[in-house]
Amino acid sequence: PQSQINYHPRFELITVTTDTSGNASVTSDNTLFGELLGIYYDNGTITTSTTAVISLVTPITLTLDTYDINSNDTYHPIFVDNVDNDDHSRYPLTSKITVTVTGGQASKTFYVYVVYR
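Notes on the structure in this doc start here. All values derive from a computational prediction rather than experimental measurement. Residue positions within a chain follow its written sequence, with the count starting from 1. Two thresholds apply to this predicted model, a pLDDT of at least 70 for residue-level local features and 80 or more for giving and counting side-chain atom pairs, whereas whole-chain, interface and lining totals are computed over all residues. For the side-chain quantities, the full set of heavy atoms in the structure was used; hydrogens and water were omitted.

1. A word on the packing of aromatic side chains
Any pair of Phe, Tyr and Trp rings, taking the six-membered ring for Trp, is counted once the centres come within 6.5 Å. Such a pair is stacked with planes under 30 degrees apart, edge-to-face with planes over 60 apart, and tilted for the rest. Counted under the stated rule, the structure contains two aromatic pairs. Where Y40 meets Y113, the ring centres are 5.9 Å apart and the plane angle is 55 degrees; that geometry is what we call tilted. Separated by 73 residues along the polypeptide, Y40 in strand β3 (residues 32-42) and Y113 in strand β9 (residues 109-116) bring together distant segments of the chain. Think of it this way: any DSSP run of H or I at least four residues long counts as a helix, any run of E at least two long counts as a strand, and we number them from the N terminus.

As structure tokens, then:
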């Protein structure tokens, strides 16, 4: 196992391609351990309103962020108070991440980078 003694950010890329109905659900290949710093959205080939919902998978399902991918490439820092109005600390991760789209632009690809340490 690799120790997280250093605090350099790590990145998990999740590539999302919507189906012909504009829907998608993609889960990260890896379980992420550490603290969530933020989420970077790259709109890829999206050109109309397409909302991505970013969620933890385990031990509980919890929505971390929601963003219209067509709004531009952007970085969203994630703090505990974004999720449950707590104390502005970082969110601990021991989970895979799922990106879900319902009713977005059909047959298009975009990218989500989960930034953690």
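2. A word on the nonpolar core
Side-chain atoms within 4.5 Å are what join buried Ala, Val, Leu, Ile, Met, Phe, Trp, Tyr and Cys residues into a set we call a nonpolar core. Only protein chains enter the accessibility calculation, which uses a 1.4 Å probe; a residue is then buried when its area is under 20% of its type maximum, exposed when over 50%, and partly exposed in between. Formed by 24 residues in total, the largest nonpolar core has its most connected members in Y41, A52, I54, I97, V99, F110 and V112. Contributions of two or more residues to this core are made by β1 (10-17), β3, β4 (51-56), β5 (62-68), β7 (91-95), β8 (97-101) and β9. Contacts of V99, omitting those with residues within four sequence positions, involve I14, V16, A24, S25, V26, A52, V53, I54, F110 and V112. Contacts: residue pairs with any heavy atoms within 4.5 Å of one another.

3. Structural notes on the pattern of salt bridges
By definition here, a salt bridge exists when the distance from a side-chain nitrogen of Lys or Arg to a carboxyl oxygen of Asp or Glu is within 4 Å. For the structure shown, the criterion picks out one salt bridge. R117 serves as the salt-bridge partner of E35, at 2.6 Å between the closest nitrogen and oxygen. On the criterion of sequence distance, the pair formed by E35 in strand β3 and R117 in the segment after β9 is long-range, its members being 82 residues apart. Given a relative accessible area of 24%, E35 falls into the partly exposed group.

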